[in-house]
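As a plain string of letters, each chain reads:
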Amino acid sequence: MRSILKANVVKQLKRITLFFFLFSNASVKAQQTKPFLHVNYPDSVNEIMAAFSFDANQKDSLSTLETLKSLLRDLQDEGYLTAEVKKMNWNKDTLKAALNIGQRFTWVNLSPGNLRSRFQQRLGFREKFFNKKPFRYQEVSKLMEKSLVYAEQNGFPFARIRLDSIEIKPTSVNAQISYTSGPLITFDSIRIHGNAKIKPTFLQAWLGIEPGKPYDERLITHLSNELKQLPFLKIEKDPEVSFRRGKAIVHVFVSRRKTDQLDGLVGILPKASEEGKMLINGEFQMKFNNLFASGKMLHLNWKKLKEGSQQLVVGYEHKALLYAPLSVSLNFELYKEDSTFINRDLRFALSWHKGLPGRLSIFSQVSTSSLLSIEPYLAMDDLSGFADNQLVSYGFGYKWNGLDDPLFPNQGSFIDLEGSFGRRKIVKNIGLPEQYYEDLDLESMQFEIHGVMGRYFSFWRRLVLLAQLQFGGQKNDQLLQNELIRLGGFQILRGFNENEFFASAFALSTVEVRFLIEKEAYLMFFYDQSYLENQLQGDNQYPLGLGAGLSFSTGSGVFSFIYAIGQSKFQPLAFDHSKVHFGFTSRF
């Protein structure tokens, strides 16, 4: 896209032919010992040469010559345009080179020419910076590059810049800038090629392509990565841009991808607490990623995996709100731990992604926890770490996804970080004695941090390695058991029961090796190593999990099977404690 006509300054100013004579005049032979580079120059330039360092000890003949070339380039970049090697020869393992640095060229003046004053200010150009100053070609090159980049980002992708009226005297240079902006280009529209069901207006808002706005090369550069953030689209080939009559038309080549989910699992087991009765466990998941062909997402997940406990998560995300690069989301989570407590979390978040390599978000969350029964505590002297409470918190988050595929990645990195702070209140339960709360701080500040980051590495086409780190922590001098982080299960820390561990801080590293059978099918082996800290119990432990699995895609969904075993303080690493998970996730 970029049309660059760089000035031919080097040919006009550098009056020597670099480097080829080094090979024609030198006998480059394999050395028995490591070569040594010895550069001779007049004592009068010792102070100047002190600024140009190089390693005299070299690993071979070729690197010795490359070091000498590099020294010449550095000298010429600093204005010594006529620097040259007058003579050189090999003496056993030493290359002796006689160097003449010549005179340093200086600017007489670099005139802004036809650059308008506002453009000069944007570039940070000052004529006095080039008035009787040492000539450095890199500075001119950077100025030209900066000019073209600014032009590309402000509607002029066909701008050209060069040096004109160049005058070279024995040791000085005089020139002026000649800038041609080319025609003003504005965005016209987005053309969608393929069977993807997506509204062009939504895609324009998501990608930041606003009809009538000046062309911006940054938006074009990030097109592919922004499209990858939409899992319901499959990129068939890189986007293209066509120009016609001062308009830029963006062409995207995408097809529909099945990512909507609707599945459930029901299990019937003997009820441990009541002989002869059955317990119904199960899981139900519903997820729509592209409601109304406008990128809106709705998801619901309910699961009951042990007696008396269940979890419900409901969420909605509205991307490109008001056709701006702004997304809003609302999430509700309910967690019931047998007959002990019930937690409810309501979260509202705003995220912004324009001009950023990822998504920056702010959020507010209201979390409440209530005891389901006070009977166990009436026979105790205290609450044993449990209490009704409410936390109102505010936080920031950052998410970046550089994966090559959102569903079946083979390479790339990802980061998801967030931190929050808020005031936690312990709510007195009218059914419990007042003295239970005498030693408790009913209001206190609480800080939390959560994150996950990882990278996929691809080897030999069919081998993929995932290295991942998850972490989280809560900071409050008076944490409660019913607000701790819960871990364990097939989502986090495999080889254990769902939500088996409670922690105030944790770190979990994962190494997973995948052998690709085909693009969307693989065998995998994994190892999870964790560190768990429970501030209430003053306890630290290091549970680990390892296992293997299989996942493959069919025409209607994804089948997965995972076998895992875990080890902790209370569970030995044994096959009779293994966990097996298999399921089928339908996609439509």
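Just above, that's the structure.
This section reports on the structure supplied with the text. (Residues numbered from 1 in each chain as written. Predicted model: local features only at pLDDT ≥ 70, side-chain atom pairs only at ≥ 80, totals over all residues. Heavy atoms only, no water.)

1. Considerations on the overall build of the protein
Now for step 1: For the protein, the count of helices and strands is 10 helices and 28 strands.
Now for step 2: Since a compact globule built from 588 residues should have a radius of gyration of about 25 Å, the 33 Å found for the protein marks it as more spread out than a globular shape.
Now for step 3: Along the first, second and third principal axes, the C-alpha set of the protein runs to 105 × 65 × 55 Å.
Now for step 4: Here the protein, with 588 residues, has 43% of them falling under the buried criterion.
Now for step 5: Within the structure as shown, the protein displays about 31300 Å² of accessible surface, and the carbon and sulfur contribution to it stands at 55%.
Now for step 6: Separation of charge centres in the protein, based on 71 positive and 60 negative side chains, amounts to 13 Å. (Helix = DSSP H or I, 4+ residues; strand = E, 2+ residues; numbered from the N terminus. Rg over C-alpha atoms; globule rule 2.2 N^0.38 Å. Buried < 20%, exposed > 50% of the residue type's maximum accessible area, 1.4 Å probe, protein only. Areas by Shrake-Rupley, 256 points an atom, 1.4 Å probe, with all protein chains shown as cover. Lys, Arg positive; Asp, Glu negative; His and termini not counted. Charge placed at Lys NZ, Arg CZ, Asp CG, Glu CD.)

2. A short note on the pattern of salt bridges
Now for step 1: All chains considered together, the criterion is met by 22 salt bridges.
Now for step 2: In this structure, Asp-528 engages Arg-494 in a salt bridge whose closest nitrogen and oxygen atoms are separated by 3.1 Å. Linking Asp-528 in strand β24 (residues 521-534) with Arg-494 in the loop between β21 (485-487) and β22 (501-503), this pair joins segments that are 34 residues apart in sequence.
Now for step 3: Among the residues examined, Asp-528 registers a relative accessible area of 1% and is labelled buried.
Now for step 4: Taken together, the shared-partner salt bridges connect Glu-78, Arg-104, Arg-136 and Glu-139 into one network. (Salt bridge = Lys/Arg side-chain N within 4 Å of Asp/Glu carboxyl O.)

3. Topic: the side chain of Thr-94
Now for step 1: Here Thr-94 shows up in strand β3 (residues 94-100).
Now for step 2: Ignoring any residue separated from it by four or fewer positions in sequence, one finds Thr-94 in contact with Phe-36, His-38 and Asn-89. (Contact = heavy atoms within 4.5 Å.)

4. Focus: the sheet that holds strand β8 (residues 233-244)
Two strands in a sheet stick together by hydrogen bonds in their backbones, pointing the same way (parallel) or opposite ways (antiparallel).
Now for step 1: With mixed pairing, three strands are arranged side by side in an open sheet as β7-β9-β8. If you trace the sheet from one side to the other, it starts and ends with β7 (186-193) and β8, each paired once. This sheet shows a mean twist of 20° between the axes of neighbouring strands, independent of strand direction.
Now for step 2: Pairing of β7 with strand β9 (residues 247-256) involves seven bridges; the strand directions are parallel. Bridge pairing in β9 places Phe-187 opposite Ala-248.
Now for step 3: Sheet contacts for helix α7 (residues 200-207): β7, β8 and β9; angle to β7, the most-contacted strand, approximately 125°. (Pairing = 2+ DSSP bridges. Axes fitted to C-alpha atoms, helices over the stretch in contact; angles between N-to-C directions.)

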